[in-house]
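A structural walkthrough
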Amino acid sequence: MRKIVLSFLLAAVSQVLPAQVVLDSEGRDTAYVSSIAGRSAKIVDRLGIADPAVRQQVLNIVCNRYFLLNDIHDACDKAKKQAKEALEGEARQQAVKAAENERDAQLYKHHFEFAATLSCYLSGEQVEAVKDGLTYGVVKVTYDATLEMIPSLTAEEKTQILAWLKEAREFAMDAGTSKDKHAWFGKYKGRINNWLAKRGYDLTKERQEWYRRIEEAKKNKK
């Protein structure tokens, strides 16, 4: 009876405790691994994780995310390069498109597992912080700047703007370069600006007034 109870408890605990995350560094250039580890540590260290073991698991998850994204984008780039070198015309275009479709399929396949794995070790707020770390904190910077530029935004408008910026962040997280990450935010900033303009906001005037307030604040500090 005791063995049965013990087996049951062990099974229950194994379902609660997350599996150990191994750093996917085998076969990778050591300098590259070291660079990614350093970049990831800057993100993880802002989370205030007290338990060294948990910190290491989270660090491995973030590192592995960088490795995975690099593998996916690198495979796409190589396939496109081969297509451009070996094919011409419509055949080349189809091969390039197929490589991009495969890349996008892989990105979608692995997108949600990242936050899900992090949530085994982190709070929702900490997971958000990791996402912001991977995307240079653009959500907060853009959101705060928009609210400062247009103080008259309603609660509903603020909620929608933040939702779109977080949606942009999801795409930016999967982008392969810093330029591509910022491009996603640029796309959504355009959507937000068009939406605000349709709601009657004169963005040129709002921006000019914002700059004027900034200059006045600078003068008052002197």
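Just above sits the structure.
Described in the following lines is the structure provided in the data block. Model, not experiment: these values are computed from the prediction. (Residues numbered from 1 in each chain as written. Predicted model: local features only at pLDDT ≥ 70, side-chain atom pairs only at ≥ 80, totals over all residues. Heavy atoms only, no water.)

Moving on: the side chain of E157. You can see E157 is positioned in helix α7 (residues 155–174). The buried category is assigned to E157, whose relative accessible area is 3%. Dropping the residues within four chain positions of it, E157 is found in contact with S152, W195, R199 and Y201. (Helix = DSSP H or I, 4+ residues; strand = E, 2+ residues; numbered from the N terminus. Buried < 20%, exposed > 50% of the residue type's maximum accessible area, 1.4 Å probe, protein only. Contact = heavy atoms within 4.5 Å.)

Time to look at unusual backbone geometry. With a phi close to 65°, Y136 is a non-glycine residue in the positive phi region. Take Y136: it is sitting in the loop between α5 (124–134) and α6 (138–149). On the basis of relative accessible area, Y136 is assigned to the partly exposed category, the value being 44%.

Going through the model one piece at a time under the given rule, you end up with 18 salt bridges. The salt bridge partner of R28 is D71, with a shortest N-O separation of 2.8 Å. With R28 in the loop between α1 (2–16) and α2 (30–44) and D71 in helix α3 (residues 52–86), the pair connects residues that are 43 residues apart, well separated along the chain. Note that R103 is salt-bridged to D104, the shortest N-O span being 3.0 Å. (Salt bridge = Lys/Arg side-chain N within 4 Å of Asp/Glu carboxyl O.)

Space inside the largest pocket adds up to approximately 820 Å³. Those elements giving two or more residues to the lining of the largest pocket turn out to be α2, α3, α4 (89–118), α5, α7 and α8 (178–198). Among the elements that take part in the lining of the largest pocket, α3 stands out by supplying eight residues, more than any other. When grouped by side-chain class, the residues that make up the lining of the largest pocket number 15 nonpolar, seven polar and 12 charged. The volume enclosed by the second largest pocket comes to roughly 250 Å³. If you go around the second largest pocket, you meet 14 residues; those closest to its centre are T142, A145, T146, K189 and N193. (1 Å grid on protein atoms, 1.4 Å probe; cavity = no way out; pocket = protein on both sides within 12 Å on 5 of 7 lines; lining within 4 Å. Points joined across faces, edges and corners; volume = space filled by probe spheres on them. Nonpolar A, V, L, I, M, F, W, Y, C, P; charged D, E, K, R; others polar.)

Summed over the entire model, instances satisfying the criterion amount to six aromatic pairs. Between Y32 and F67, the aromatic rings sit 5.6 Å apart at their centres with planes inclined by 50°, giving tilted as the arrangement. Here Y32 is found in helix α2, whereas its partner F67 is found in helix α3, with 35 residues between them in sequence. Between W164 and W195, the ring centres sit 5.3 Å apart and the planes meet at 90°, which makes this aromatic pair edge-to-face. Of this pair, W164 sits in helix α7 while W195 sits in helix α8; the two residues are 31 residues apart in sequence, bridging distant segments of the chain. Relative accessible area serves as the criterion here: at 14%, W164 is assigned to the buried category. (Phe/Tyr/Trp six-rings, centres within 6.5 Å; stacked < 30°, edge-to-face > 60°.)

Interaxial distance between α7 and α8 falls to 8 Å at its minimum, and their mutual angle equals 160°. Between α7 and α8, the angle falls in the class roughly antiparallel. In terms of crossing hand, the pair formed by α7 and α8 is right-handed. Along the contact surface, α7 presents E157, Q160, I161, W164, L165, E167, A168, R169, F171, A172 and M173, while α8 presents K181, W184, F185, Y188, R191, I192, W195 and L196. (Axes fitted to C-alpha atoms, helices over the stretch in contact; angles between N-to-C directions. Parallel < 35°, antiparallel > 145°, perpendicular 65-115°, else oblique. Left-handed = near helix turned anticlockwise from the far one by under 90°.)

Turning our eyes to something else, we now look at α7. Here α7 is 20 residues long and its end C-alpha atoms lie 30 Å apart, about the 28 Å a rise of 1.5 Å per residue gives. For α7, the set of buried residues is E157, I161, W164, L165, A168, R169, A172, M173 and D174. On its buried face, α7 is in contact with α3, α4, α5, α6 and α8. (Expected span 1.5 Å × (residues − 1).)

Let us look at the environment of A98. The topology assignment puts A98 in helix α4. For the pair A98 and A183, spaced 85 residues apart in sequence, the C-alpha separation works out to 22 Å.

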